[in-house]
Amino acid sequence: MQGKNFLKNVFHQPSNLAGLDIGNYSIKLVTIKKEPFSKKSLLSFAAVPLPGNASRQNIVDAINQVLIDLPISSKKVNLSISGPKIIMRYIILPVMKESDLAKSLEFELEKYIPYKKEEAVINYHILTRIPNNQMVVLFVAAERKIVQERIDLVKDAGLAPQLITIDALALCEVFKVLLPGYKGVAAILDIGYRLSKLVVLENNMPFFSRDIEIGEYDIIQMIADKMNASYGTAKGWACAGDEDKAKELTEAAKTELHSLLNEITLSFEYCERNLEKTVKQLFLCGGGSRISIVSGFLERIPNVKANFLDITQGFKVSLPPSMQGVNDHPSLLCVAAGLALSEPE
């Protein structure tokens, strides 16, 4: 097995490292610092939007800009990767020693990865034991060239990657801080610009996750097309929270909203049928969670209550001078905050 620091251990205590979230829409940088005599740590952040079809140089320039807006004392940052070429599996196996598990997985690799093992960065983590002398193992793999491209990109901005993990595990880290001691089965849906990440947890332990290829862009573009408006105008309507316009917006976006709803429902049914886990709450974050009609629509999932992951609930937020109000931004910061909380093994 390779890439010791690729898959981070979700059970370590928070650090003061910086989290750098390189998204399709924007670059977010978060630092978290313990405050003396305060229950809440201080979260500082900067965010810079990316142009459409951003080039590599556009991304490097945006990283440099967030570093100007939020200078950091160390060049070390934590990163994440996501997307269809990132393989993440939850495998149920008989209980065995970790050394035996490594050997066992070596023989199983072809079942889980669509590329040669020499071209992959691979790691795993034993999550928990379950009845019948079995255990749940989280297995993650990524093409080596994807990981190296992300490392080279950040180095070109003068930074040193300390840890590379996946968005799903970063979301678990921030969930633990925002909802400490949460008991029961819950799900996190991070609605990104072009991709949404779904993670299902029980008692802060992830046991299912997947990417859904529907994001903020798809929902707003459908509103724009159906209502004969520009993308910018449609986004303004979608995020304004105007109750008088909600019905019209929902009707315009219903195809994408139904697709998102169906993918989530199928995932929850899988968890209930195969893992005997029933999701009771769905927590939303990401830029797409600002679309006012989304949370109400997702409450159509039977017996599931939709809510929001609120960064301000767990941290004191230091607002950059360029930002007018934090209310427009906390939903964007969950992955970056989770990265800042992460520590290498």
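Quantities reported herein were computed from a predicted structural model and do not represent experimental measurements.

Cut-offs and rules
- Residues numbered from 1 in each chain as written.
- Predicted model: local features only at pLDDT ≥ 70, side-chain atom pairs only at ≥ 80, totals over all residues.
- Heavy atoms only, no water.
- Pairing = 2+ DSSP bridges.
- Helix = DSSP H or I, 4+ residues; strand = E, 2+ residues; numbered from the N terminus.
- Axes fitted to C-alpha atoms, helices over the stretch in contact; angles between N-to-C directions.
- Contact = heavy atoms within 4.5 Å.
- Parallel < 35°, antiparallel > 145°, perpendicular 65-115°, else oblique.
- Left-handed = near helix turned anticlockwise from the far one by under 90°.
- Nonpolar A, V, L, I, M, F, W, Y, C, P; charged D, E, K, R; others polar.
- 1 Å grid on protein atoms, 1.4 Å probe; cavity = no way out; pocket = protein on both sides within 12 Å on 5 of 7 lines; lining within 4 Å.
- Points joined across faces, edges and corners; volume = space filled by probe spheres on them.
- Expected span 1.5 Å × (residues − 1).
- Buried < 20%, exposed > 50% of the residue type's maximum accessible area, 1.4 Å probe, protein only.
- Arc of directions from axis to C-beta.
- Core = buried A, V, L, I, M, F, W, Y, C linked by side-chain atoms within 4.5 Å.
- Phe/Tyr/Trp six-rings, centres within 6.5 Å; stacked < 30°, edge-to-face > 60°.
- Lys NZ or Arg CZ within 6 Å of the ring centre and 35° of its normal.

(A) Structural view of the sheet that holds strand E5 (residues 86–94). Strand order in the open sheet formed by three strands is E5-E7-E6, and the pairing between neighbours is antiparallel. In this open sheet, the two edge strands, each paired with only one partner strand, are E5 and strand E6 (120–130). Adjacent strand axes in the sheet meet at a mean angle of 20° when their direction is disregarded. Sheet topology places E6 next to strand E7 (residues 134–143); ten bridges connect them, and they run antiparallel.

(B) Representation of the environment of Gln-134 in the model. Of note, Gln-134 is situated in strand E7. As a C-alpha pair, Gln-134 and Val-95 span 39 residues in sequence and 4.9 Å in three-dimensional space. Setting aside its immediate chain neighbours within four residues, Gln-134 contacts Ile-92, Leu-93, Pro-94, Val-95 and Arg-129.

(C) Representation of the packing of helix H1 (residues 56–69) against helix H3 (residues 144–156). Contact pair H1 / H3: the axes reach a minimum separation of 9 Å and the direction vectors enclose 50°. Considering their axes alone, H1 and H3 lie oblique with respect to each other. Here H1 runs over H3; the crossing is right-handed. The segment H1 lies against H3, with Arg-56, Ile-59 and Val-60 engaging Asp-152, Leu-153 and Asp-156. Considering only residue class, the contact of H1 with H3 consists of three nonpolar, no polar and three charged.

(D) Just the side chain of Thr-31, in detail. By the element assignment, Thr-31 lies in strand E2 (residues 26–33). Among all residues touching Thr-31, those that are not within four sequence positions of it are Leu-17, Ala-18, Leu-42, Leu-43, Ser-44, Leu-70 and Ile-72.

(E) How the structure looks around the packing of helix H4 (residues 167–178) against helix H11 (residues 334–341). Look at H4 against H11: their axes get within 7 Å of each other, and the N-to-C directions meet at 80°. With respect to each other, H4 and H11 are oriented roughly perpendicular. Facing H4, whose interface residues are Asp-167, Ala-170, Leu-171, Glu-173, Val-174 and Val-177, H11 presents Cys-334, Val-335, Ala-337, Gly-338, Leu-339 and Leu-341. For the contact of H4 with H11, the per-class residue count stands at nine nonpolar, one polar and two charged.

(F) Looking closely at the layout of surface pockets. Here the largest pocket defines a volume of roughly 1,100 Å³. The wall of the largest pocket is formed by 40 residues, among which Ile-22, Gly-23, Asn-24, Ser-82 and Arg-150 lie closest to the centre. Within the residue set of the lining of the largest pocket, elements represented by two or more residues are strand E1 (18–22), E2, H1, strand E4 (76–81), H3 and strand E9 (185–191). Looking at which element gives the most residues to the lining of the largest pocket, the answer is H3, with four residues. A breakdown of the residues in the lining of the largest pocket according to their chemical character gives 16 nonpolar, eleven polar and 13 charged. What the second largest pocket holds in volume is close to 830 Å³. Looking at the second largest pocket, it is lined by 34 residues, and the ones nearest its centre are Arg-89, Tyr-90, Phe-207, Phe-208 and Ser-209. Elements that contribute at least two residues to the lining of the second largest pocket include exactly E5, E6, H4, strand E10 (196–202), strand E11 (205–212) and helix H8 (254–275). Taken together, the residues of the lining of the second largest pocket break down into 19 nonpolar, six polar and nine charged.

(G) Structural context of the pairing of strand E3 (residues 41–49). Bridge analysis of E2 against E3 gives eight bridges, and the strand direction is antiparallel. Residue pairing across strands places Ser-26 opposite Pro-49, the latter belonging to E3.

(H) A look at H8. With 22 residues, H8 extends 30 Å between its outermost C-alpha atoms, agreeing within 8% with the 32 Å of an ideal straight helix rising 1.5 Å per residue. Those residues of H8 not exposed but buried are Glu-256, Leu-257, Leu-260, Leu-261, Ile-264, Ser-267, Phe-268 and Cys-271. Projected down its long axis, H8 shows its buried positions confined to an angular sector of 135°, all on one face. Positive backbone phi, approximately 60°, marks Glu-276, located one or two places after H8.

(I) Structural view of the nonpolar core. Residues Leu-20 and Leu-309 are the most contacted members of the largest nonpolar core, which totals 66 residues. Looking at which element gives the most residues to this core, the answer is H4, with eight residues. Dropping the residues within four chain positions of it, Leu-20 is found in contact with Ile-27, Lys-28, Leu-29, Ile-63, Val-66, Val-77, Asn-78, Leu-79, Ser-80, Val-154, Leu-159 and Leu-339. Of all hydrophobic cores here, the second largest spans 36 residues; its members include Leu-198, Phe-207, Ala-252 and Ile-291.

(J) Layout of the packing of aromatic side chains. Inspection of the entire model under this criterion finds seven aromatic pairs. Geometrically, the ring pair formed by Tyr-25 and Tyr-193 is tilted, given 5.1 Å between the ring centres and 35° between the ring planes. With a gap of 168 residues between them, Tyr-25 in the loop between E1 and E2 and Tyr-193 in the loop between E9 and E10 connect regions that are remote in the sequence. Residue Tyr-25 is classed as partly exposed on the basis of its relative accessible area, which comes to 29%. Measuring from ring centre to ring centre gives 5.6 Å for Phe-208 and Tyr-270, while their planes differ by 40°; the resulting arrangement is tilted. Taken together, the residues span a long stretch of sequence, with Phe-208 in strand E11 and Tyr-270 in helix H8 at a distance of 62 residues. Overall, the relative accessible area of 35% leaves Tyr-270 in the partly exposed class. Feature note: the residues Tyr-25, Tyr-193, Tyr-217 and Tyr-231 constitute an aromatic cluster, connected by ring pairs. Across the ring face of Trp-237, the terminal group of Lys-245 is positioned such that the distance to the ring centre comes to 4.7 Å. The lysine or arginine in question, Lys-277, covers the ring of Phe-207, its NZ or CZ lying 5.7 Å from the ring centre.

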